[in-house]
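Summary of the model geometry
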Amino acid sequence: MGDSSSASYIRMVQHLIEKCIIFHMTQEECIEAISKHANIEPVITATVWKELEKENKEFFEEYARSRGDRMSEEETKQKILKIISDSSAATNSHN
C-alpha cells in the first residue's frame, strides 16, 4: 500500500470505530464487529483504537465511564431472569 492508500485505509477503520462508538460498543465488541462485517484484521482495529485513545484521552476516559454505567445485554437479561425466578419462587412458596 502506498502512503495515500494506507492513510485512506486507516481513515476507513477510524470511521468504522466511530460508528461502533455511536452504538456504545466496547473495544472488544467493536473489534469483533469490524472483523466480522468489514473483514479487517482485529490487530489493525485495535491499533487504530489505541491511537485514537492517545489522541483523545479525555473523550475515551469519559466514554469508558459512561459505558461502565450501562449494563450489558447479558447483565440485563440475567437480572430479568433473576427477578422472574425470585417472583416465581415467592408465588410458589405462598401456595
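Definitions and limits used
Residues numbered from 1 in each chain as written. Predicted model: local features only at pLDDT ≥ 70, side-chain atom pairs only at ≥ 80, totals over all residues. Heavy atoms only, no water. Helix = DSSP H or I, 4+ residues; strand = E, 2+ residues; numbered from the N terminus. Buried < 20%, exposed > 50% of the residue type's maximum accessible area, 1.4 Å probe, protein only. Contact = heavy atoms within 4.5 Å. Areas by Shrake-Rupley, 256 points an atom, 1.4 Å probe, with all protein chains shown as cover. pLDDT = per-residue confidence, 0-100. Core = buried A, V, L, I, M, F, W, Y, C linked by side-chain atoms within 4.5 Å. Salt bridge = Lys/Arg side-chain N within 4 Å of Asp/Glu carboxyl O. Axes fitted to C-alpha atoms, helices over the stretch in contact; angles between N-to-C directions. Parallel < 35°, antiparallel > 145°, perpendicular 65-115°, else oblique. Left-handed = near helix turned anticlockwise from the far one by under 90°. Nonpolar A, V, L, I, M, F, W, Y, C, P; charged D, E, K, R; others polar.

The chain is annotated in an unreviewed UniProt entry as Angiotensin-converting enzyme 2 of Protea cynaroides.

Side note on the overall build of the chain
Broken down by element type, the chain carries five helices and zero strands. Helices and strands in the chain line up, N terminus first, as α-α-α-α-α. When the 95 residues of the chain are sorted by exposure, 18% land in the buried category. Taking the intrachain contacts of the chain between residues at least 6 apart in sequence as the baseline, contacts between residues at least 24 apart amount to 53%. Carbon and sulfur atoms make up 56% of the accessible area of the chain, which amounts to about 7300 Å² in all.

Some remarks on the confidence of the model for the chain
When pLDDT drops low, the exact placement of atoms in the prediction is not to be read closely. Residue-level pLDDT values for the chain average 85, and 84% of them are 70 or greater. Averaged pLDDT values over the elements of the chain bottom out at 71 in helix H5 (residues 73-94) and peak at 96 in helix H3 (residues 42-55).

Description of the nonpolar core
Within the largest apolar cluster, 13 residues are counted, with the highest numbers of intra-cluster contacts made by Ile 17, Ile 21, Cys 30, Ile 34 and Trp 49. Elements with a minimum of two residues in this core: helix H1 (3-22), helix H2 (27-38), H3 and helix H4 (57-69). Residue contributions to this core peak at four residues, all from H1. Dropping the residues within four chain positions of it, Trp 49 is found in contact with Ile 17, Ile 21, Met 25, Thr 26, Gln 27, Cys 30, Phe 60 and Tyr 63.

Details of the pattern of salt bridges
Here the structure, examined in full by the defined rule, presents four salt bridges. Across the salt bridge formed by Glu 51 and Lys 54, the nearest N and O atoms sit 3.1 Å from each other. One end of the pair is Glu 51 and the other is Lys 54, both in helix H3 and three residues apart, which spans about a single turn. Here Glu 62 and Arg 65 are joined by a salt bridge, their closest N and O atoms 3.1 Å apart. Of this pair, Glu 62 and Arg 65 both sit in helix H4, three residues apart, which is roughly one turn of that helix.

Overview of the packing of H1 against H2
In the contact formed by H1 and H2, the axes pass within 10 Å of each other and the chain directions differ by 125 degrees. One element, H1, and the other, H2, form an angle in the oblique class. Like other packed secondary-structure pairs, H1 and H2 cross with a definite hand, here right-handed. Every residue of H2 that contacts H1 at Leu 16, Ile 17 and Cys 20 is listed here: Cys 30, Ile 34 and Ala 38. Here the contact of H1 with H2 is built from residues that sort into six nonpolar, no polar and no charged.

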